[in-house]
Amino acid sequence: MRHLLTSQKVRLMTFCAMLFMILLSAQSQKTIVGTVLDADGQIPLPGASIIEKGTMNGTSTDFDGKFTLTLTGNSNTILVSYIGYQKKEVPVSDGDMTISLVIDASSLDEVVVVGYGTVKKSDVVGAVGSVEIEEATAIPTTNVAEMIRGRAAGVQVNLADARPGGNSDIVIRGKVSLEGNDPLIIVDGVPYDNINDVVADDIVSMEILKDASSQAIYGARAANGVILITTRRGKEGKFEVSLHTFATIQRLTRNFDIFTGPEYTQLRREAFRTDNENEYLDDTTIFEPFELEAIENQNYVDWEDLVIRDAMINNHTLSVSGGGENTKIYTSLNYYNQDGIIPTSGFKRGTFRLNVDQKVTDKFSLQVNVNIQKSEQNLETGNLDVITISPLAKPFDEEGNLIREPLGDGKLTVNPLWNIREADNDILINLRDLNLVANYQFTPNLSARVNAFSRVRDGSQGIYRSTTHPNGDGDIRGIATLGTTNYEEFQIENIIDYSPNLGNKHRLELTGLHSVNQRKDLETEITKSGFANDNLGYNGKADLIRSTTRDVSRRRLVSFMGRARYGFLDRYLLTLTMRADGSSVFAENEKYGYFPAVGLAWKIHEEGFLRDSKLINQLKLRSTYGSTGNDGVNPSESLGIADDLPYVFGGNTIGGFAPLNRLPNPNLKWETVTTFNVGLDFSLFNRVIDGTFEYYNKTTSDFLLDRILAGTSGFGVTRFNIGEVQNRGFEATINTNIINKQDVQWSIGVIWSTNENEVVSLAGERDQDGNLIDFESQNLFIGESIDNINQFVFDGIWQEEDDIENSAQPEARPGEPRVQDLNDDGEITDEDRVLIDQNPDWFATFNTNFRYKGFDLFADVFVVEGATNINPYFADGNLGAALQGGNNGIAVDYYLPEDRSNQFIRPSTTTPSFLRALAVDDASYIRLRTITLGYNLSPKFVSTIGMQRLRFYVTGTNLITITDYKSYSPENNPGQFPDAKGITLGVQLGF
């Protein structure tokens, strides 16, 4: 009994202790309520962050600015923050707290990344263009270059590869070199060799450095411009989860028709009629039996419909960001999957990013940036020009099986569906980026940081042509090519920043840099054939090794840079930059290049005569001058290289070596680009209108150029420094905020650019008549553009009543191209050729943004004016241009004796002369590039379902293109993957 009472006492005491602890805990977990308002105490701030100081415990305000927070610790202070307002520490109090935040004046002046630091936009001295990220990322693609198109003045983007996982060429302010014109890509302070290695959803800002003053800090690799990309980072506060997902349907787009079956049939009849003294031949003479059967039964083949398909894109990005006072994290996971509009083509990519900011002590902090990607690209096989295949074909037999030779046995044309089925071409890429940044703040004015970066990209490619593929049939018994690539880059930068305190009138910022960079490339390739079967494709065992290759290259760069930024009265700005680069690719005594730059700016609106102006809110005049360098040559250009050349001696094969065709140049040195830039930034009518005007003149000296050598030298070509190329142009960026009210905002903008490219000089040598000698073999002519067409001038079609016999083309027939005899010497020679600049006269984007409550509408129209190209569909007989009736092609109103044309030739079984002159065509176009309609559900409703943001949108891409250039796209040529238009449905969620 005594034992039972003792047990009951223990239980009672335990219960009382637990009750006491619960009561004590309840007292410590105090719940506070309040409202967060603007600086005037009138407007609630929804979504403001409320954090218990010293903890990760927090919440956010609802649509009415109200919050409720249960405190978990002993802190009596909360931290309140909101975008555009200063963070505020507020003591905890009983009752309903009312908190007013103060506007952060610095938020009224946008911060711009300029390389090795940031500056307020109002303090920018050089030509720096900022890209509106929300507009740019409306394009559903992994091709980040396409997102830049039309978003910044002076930046020209040309589609290089429209296939899934493809890329585009970026040219900033014209071509300055023949050794590549790709800009330097800097992501979070480190170089990327491929701009598409960044996921669009991870990008928070993008700036483009266009003049020497802003580029000079990057020296050797900045001659073609610099694109600075900043990815998202964690912010202090509770963790936020975001999900962005979209699906896109792609469809082929073109602005031409091809000859239908009946039209093609008549085209062949007309071709044979032309060469038969204007008399039609019997169909049995010019058509095969199965073709006659197809004509009789009206059974024609639409090859485009058979091969091209609609295709899907799926994209999903999940991100998490947040942190406390000492540790902030942003991490994301992205999966992108795009099917191509041609079967077997596609691209898949998974990306993981982790950005960590760690405050170790009050003086020491670390940044860790990790980017990991794995991708698979499947390339289509076979001829992409399916529209040129005769519609009088038989792609399937009676049982529905593919027929290899659809135009009849023995014909060279192979069924494109057969080639697609009997081939593989797969590329696998694994990418690993690691970036560590250590910052130490010695004093409030002096800091140092070490930026270390490593990139490793491993790739493998497998290509297989089966035993029934045209390239692998017969005795070849299947053929495969296996390739591996390895790219490694590391960079270490030591950076010091010092900002002495010079009082209120003066501001000085000094930056010093030492950097080392190394890039290594390794490529191996093996081709094998003789497979027992096709089951394992390129992974199978083969009997014969046909060839092996291995290429290794390395380039190193060591750099020193100093920069001083000075401001007086926050009105007069000066930037001085000096960079020295040593590159391993140049000759022993020419390895270093020195690149100075200076920039001046005057904030005119800060002068007394404009300070109180209601008309002019901002007016800043800028001017810069400086140089950058280009070392874009192969690492062995200045060295003598020998290649393997076995020889037979005494009946035996002996290993030997011989010099390559290229003569080494021990005096090879830097190509230098010098730029003068003047700009005017303005904002008018209480910031209703703002914009920028720019003029630049950019000259490339010591041009890196190949020169053809005489055969007696024993070499064919050498690389040397000679000549000069100039680019000059104007740029304008204007934005008008027509309506800017609480519920309605509407703005219209234009970004306009022009560039004139000219070869100023070459070797300086003269011919016997004293004329400067051009480099015709490289298509370089003094006084002309780097990109030009050297062609005769098309002058219509010869008509029957023309005096052909006494013309400069006496052998021509009516219906053939006529060209101009420019020198009137009675014959057509190379002296009658002209040079036509292919570059556009100007290009521009016109855009508009409209918002009404939760709805948002964005649209942009991209315009290219004055571009010229040779259209292969009208120049190449293999693409149907000669109208011979063998290949199909673009339907045109061709010349007939009964129905004459002065634009298109008469069909014939032979190819007429000067066909390419006819094909010189205006490639200008207007394109509705993007239109997006979105809807943001109200924060009040979203908060009731546990979310912070919920937005739905629909986007149309490349929906309308207006052009006279007949092709899938003005930037697409035959043999290239065709461009497509798309409709996207997407949703963005925030928790």
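Residues numbered from 1 in each chain as written. Predicted model: local features only at pLDDT ≥ 70, side-chain atom pairs only at ≥ 80, totals over all residues. Heavy atoms only, no water.

What am I meant to see in the domain arrangement of the chain here?
Interfaces are often sized by the amount of accessible area the parts lose when they come together. Taken domain by domain, the chain comprises domain 1 (27-108) and domain 2 (111-233). If you average the C-alpha positions of domain 1 and of domain 2, the two centres end up 38 Å apart. (Domains from an automatic or database assignment.)

I tried to follow the packing of aromatic side chains on my own but got confused; where do I start?
Two measures describe an aromatic ring pair: the distance that separates the ring centres and the angle between the ring planes. Scanning the model with the defined rule gives 19 aromatic pairs in all. Ring centres 5.4 Å apart and planes at 70° place the aromatic pair Phe-256 and Tyr-968 in the edge-to-face group. Here Phe-256 is found in the loop between strand 17 (237-252) and helix 5 (261-274), whereas its partner Tyr-968 is found in the loop between strand 51 (949-963) and strand 52 (980-990), with 712 residues between them in sequence. Each member of the pair Phe-256 and Tyr-968 is classed as buried. A centroid spacing of 6.2 Å and a plane angle of 55° characterise the contact between Phe-259 and Tyr-894, whose relative ring orientation is tilted. One end of the pair, Phe-259, is in the loop between strand 17 and helix 5; the other, Tyr-894, is in the loop between helix 10 (872-875) and helix 11 (915-918), and 635 residues separate them in sequence. On the basis of relative accessible area, Tyr-894 is assigned to the buried category, the value being 12%. Aromatic rings pair up to connect Phe-256, Tyr-873 and Tyr-968 into one cluster. Looking at Arg-421, its charged tip hangs above the ring of Trp-418, at a distance of 4.6 Å from the centre. Here the guanidinium or amino end of Arg-455 rests over the ring plane of Tyr-192, the centre of that ring lying 4.1 Å away. (Phe/Tyr/Trp six-rings, centres within 6.5 Å; stacked < 30°, edge-to-face > 60°. Helix = DSSP H or I, 4+ residues; strand = E, 2+ residues; numbered from the N terminus. Buried < 20%, exposed > 50% of the residue type's maximum accessible area, 1.4 Å probe, protein only. Lys NZ or Arg CZ within 6 Å of the ring centre and 35° of its normal.)

Is there a simple way to explain the side chain of Asp-202 in this structure?
With respect to the helices and strands, Asp-202 occurs in the loop between strand 14 (190-192) and strand 15 (203-209). Given the relative accessible area of 1%, Asp-202 is considered buried. Apart from the residues within four sequence positions on either side, Asp-202 is in contact with Thr-230, Thr-231, Arg-232, Tyr-330, Ser-332 and Arg-353. (Contact = heavy atoms within 4.5 Å.)

Can you walk me through the pattern of salt bridges in this structure?
Between side chains of opposite charge, a pair can form as their charged atoms come close. Following the criterion strictly, the structure yields 58 salt bridges and no others. Of the charged contacts in the structure, one is a salt bridge between Arg-251 and Asp-310, with a shortest N-O distance of 2.7 Å. With Arg-251 in strand 17 and Asp-310 in the loop between helix 8 (303-307) and strand 18 (311-323), this pair connects stretches of sequence that are 59 residues apart. On the basis of relative accessibility, which here comes to 37%, the residue Asp-310 falls in the partly exposed class. (Salt bridge = Lys/Arg side-chain N within 4 Å of Asp/Glu carboxyl O.)

When you look at helix 7 (residues 289-297) in this model, what are you seeing that I'm missing?
For an α-helix the count is 3.6 residues per turn, leaving residues at separations of three or four pointing the same way. Here helix 7 has its buried residues at Glu-291, Ala-294 and Ile-295. Looking straight down helix 7, one finds its buried side chains confined to an arc of 100°; they lie on one side. For helix 7, the exposed residues lying more than 90 degrees away from the buried face are Pro-289 and Glu-296. Next to the buried residues of helix 7 lie helix 5 and helix 6 (283-286). (Arc of directions from axis to C-beta.)

Would you mind going over the UniProt feature "domain: TonB-dependent receptor plug" (unreviewed entry) in the chain with me for this structure?
UniProt's feature table lists "domain: TonB-dependent receptor plug" (unreviewed entry) at residues 121-226, given in the numbering used throughout. Split by type, residues 121-226 is 12% helix and 26% strand. Its first and last C-alpha atoms lie 17 Å apart. (UniProt positions renumbered as here; feature names shortened; annotations may be inferred.)

Hey, could you run me through unusual backbone geometry in this one?
Where the residue is not glycine, phi is negative for most of them; where a peptide bond is considered, it is trans in most cases. Here the phi dihedral of Phe-685 falls at roughly 55°; this positive angle occurs in a residue that is not glycine. Relative to the elements of secondary structure, Phe-685 occurs in the loop between strand 35 (671-684) and strand 36 (689-701). Positive phi, close to 65°, is recorded for Arg-687, a residue that is not glycine. Structurally, the position occupied by Arg-687 is in the loop between strand 35 and strand 36.

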